[in-house]
Amino acid sequence: MSKFKLTYFDFNGGRGEPIRIAFHAAGVDFEDHRISFEEFMKVRGDMRFTCAPELEVDDVTVTQSNSMLRYVGKLAGLYPEDDLQALYCDEAMGAIEDLLHQIVRTFGLEGDELKAAREKLVNGWLSVFIKGLAEILQRAGGKYFADNRLTVADLKVYVQIRSLRAGTLDHVPTDLVDKLAPSLVQHEERVGNDPIVTAYYAARAA
Ligand SMILES: N[C@@H](CCC(=O)N[C@@H](CS)C(=O)NCC(=O)O)C(=O)O
């Protein structure tokens, strides 16, 4: 088995966390290299696309979180084998990726500027993506985003919805998802209670 090192920020969200959960689900050892924002600023110039996460597979460094999640998802048996189900899985993962890009644009703003940008986000992109995610969840049967079972798409959506509902973004109401898409709240609870996810957090807490 290859040697893996995942470099990402030290928090339980964003692009890195679903990959960590998938590694744990696969039972594959990896170096969970967590960096602070200050450390990131020092090393980002050396990173291929000046972005985290980066994954080292033996002596090869790869970028792009969804590519990593698909790869580790395959190791864990959490990626559909059927091409159409894989398309549904990728669609949900890609939607979260687009949403993250919109959210990140508001980072670094302060005061009234931050408030205005976040309110615009709430009434614009955030609402669009929350409703769109609920639509594709419904299309797939209402419980999981693809394959009628837990896949890496569910992990990626779960991490993001959990973060929104936990109030990690100032000026974004914590009940926004509850109001716009109760099915995503149920999905968050379903995935959060999945043995794969509870086992990961139990191991983290140990
Ligand atoms: N398409 C990339 C995007 C990565 C990305 O934007 N990463 C953020 C952190 S989650 C980042 O490094 N931002 C730093 C910056 O923009 O300076 C991926 O999916 O990995």
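Cut-offs applied
By convention here, each chain's residues receive numbers from 1 onward along its written sequence. Side-chain atom pairs in this predicted model are given and counted only at pLDDT of 80 or more, local residue features only at pLDDT of at least 70, and totals for whole chains, interfaces and linings cover all residues. Values shown for side chains rest on all heavy atoms present in the structure; no hydrogens or waters enter the calculation. Put plainly, a pocket is an open set of points on a 1 Å grid over the protein atoms alone with protein on both sides within 12 Å along at least five of seven lines, a cavity is a set where a 1.4 Å probe fits but cannot get out, and a lining residue has an atom within 4 Å of a point. Grid points are joined across faces, edges and corners, and a volume is the space filled by probe spheres set on the points. The helix and strand labels rest on DSSP assignments: H or I over at least four residues marks a helix, E over at least two residues marks a strand, and numbering proceeds from the N terminus. DSSP-based pairing: two strands are paired if at least 2 bridges between them are found. Lines fitted to C-alpha atoms define the axes here, with helix axes fitted over just the stretch in contact, and angles between the N-to-C directions of these axes take values from 0 to 180 degrees. Two residues qualify as a contact provided that any one of their heavy atoms is within 4.5 Å of a heavy atom in the partner residue. Only protein chains enter the accessibility calculation, which uses a 1.4 Å probe. A residue is then buried if its area is under 20% of the maximum for its type, exposed if over 50%, and partly exposed in between. Charge convention: Lys and Arg are scored as positive, Asp and Glu as negative, and His as well as the terminal groups of each chain are ignored. The rule for a salt bridge is simple: a side-chain nitrogen of Lys or Arg has to be within 4 Å of a carboxyl oxygen of Asp or Glu. Definition of a polar contact: a pair of N or O atoms within 3.5 Å, with one able to donate and the other able to accept a hydrogen when the atoms are protein atoms, and with sequence-neighbouring residues admitted only if both atoms are side-chain atoms. Pairing of aromatic rings covers Phe, Tyr and Trp, the last counted by its six-membered ring, and requires centre-to-centre distances within 6.5 Å; plane angles under 30 degrees mean stacked, over 60 mean edge-to-face, and any other angle means tilted. In this scheme, the term charge over a ring applies when either NZ of a lysine or CZ of an arginine sits within 6 Å of the ring centre and within 35 degrees of the ring normal. By convention a crossover is right-handed if, when the strands point away from the viewer, the path from the first strand over the helix to the second runs clockwise.

K.L.:
Give a detailed account of the layout of surface pockets, specifying residues and quantitative values.
P.N.:
The space that makes up the largest pocket amounts to roughly 1000 Å³. Every residue lining the largest pocket is counted, 36 residues in all, and those nearest its centre are Tyr8, Phe9, Arg15, Val104 and Phe107. Of all the elements in the fold, those that place two or more residues in the lining of the largest pocket are strand S1 (4-9), helix H2 (37-43), helix H3 (65-76), helix H4 (83-104) and helix H6 (152-165). Element by element, the count of residues in the lining of the largest pocket is highest for H4, at five residues.

K.L.:
Could you give me a rundown of the sheet that holds strand S2 (residues 31-35), with the residues and numbers involved?
P.N.:
With mixed pairing, the four strands of this open sheet are ordered in space as S2-S1-S3-S4. One side of each edge strand has no neighbouring strand; the edge strands of this open sheet are S2 and strand S4 (60-62). Strand-to-strand twist in this sheet, taken as the mean axis angle between neighbours without regard to direction, amounts to 20 degrees. Here helix H1 (residues 17-26) sits on the sheet and contacts S1, S2 and strand S3 (54-57); the angle it forms with S1, its principal contact strand, is near 150 degrees.

K.L.:
So what's going on with the side chain of Glu54? Which residues, and what values?
P.N.:
With respect to the helices and strands, the residue Glu54 is situated in strand S3. Nearest to the buried, unbridged Glu54 among oppositely charged side chains is Arg48, at 5.8 Å. From its side chain, Glu54 meets the backbone nitrogen of Arg48 in a polar contact 3.1 Å long. With near-sequence residues (within four places) excluded, Glu54 lies in contact with Lys5, Leu6, Thr7, Met47, Arg48, Thr61, Val62, Thr63 and Met68.

K.L.:
Tell me about the packing of aromatic side chains, and please be specific about residues and values.
P.N.:
Under the criterion given, the structure shown has 10 aromatic pairs. Measuring from ring centre to ring centre gives 4.4 Å for Phe23 and Phe30, while their planes differ by 10 degrees; the resulting arrangement is stacked. Ring centres 6.1 Å apart and planes at 40 degrees place the aromatic pair Phe37 and Phe40 in the tilted group. With Phe37 and Phe40 both in helix H2 and three residues apart, the pair spans about one turn of that helix. Over the ring of Tyr88 we find Arg139, and its NZ or CZ is 4.2 Å from the ring centre.

K.L.:
Could you give an account of the pairing of S2, with specific residues and numbers?
P.N.:
Residues in a regular strand point their side chains to alternate faces of the sheet. Note: S1 against S2, five bridges, orientation parallel. Residue pairing in the sheet places Phe9 in a bridge with Ile35 of S2.

K.L.:
Can you tell me about the pairing of S1, naming the residues and giving the values?
P.N.:
Burial within S1 is extensive, with five of its six residues counted as buried. Of the pairings in the sheet, the one linking S1 to S3 comprises four bridges and is antiparallel in character. Counted as the bridge partner of Lys5 is Glu56 from S3. Assessed by its sense of winding, the connection that carries the chain from S1 through H1 to S2 is right-handed.

K.L.:
Tell me about the pattern of salt bridges, and name the residues and values.
P.N.:
Following the criterion strictly, the structure yields 13 salt bridges and no others. Residue Lys115 is joined to Glu119 by a salt bridge in which the shortest nitrogen-to-oxygen separation is 3.0 Å. With Lys115 and Glu119 both in helix H5 (residues 111-139) and four residues apart, the pair spans about one turn of that helix. Lys115 sits in the partly exposed class, given a relative accessible area of 37%. Its relative accessible area of 36% is what places Glu119 among the partly exposed residues. One salt-bridge network, held together by shared partners, links Asp10, Glu17, Arg20, Asp32 and Arg34.

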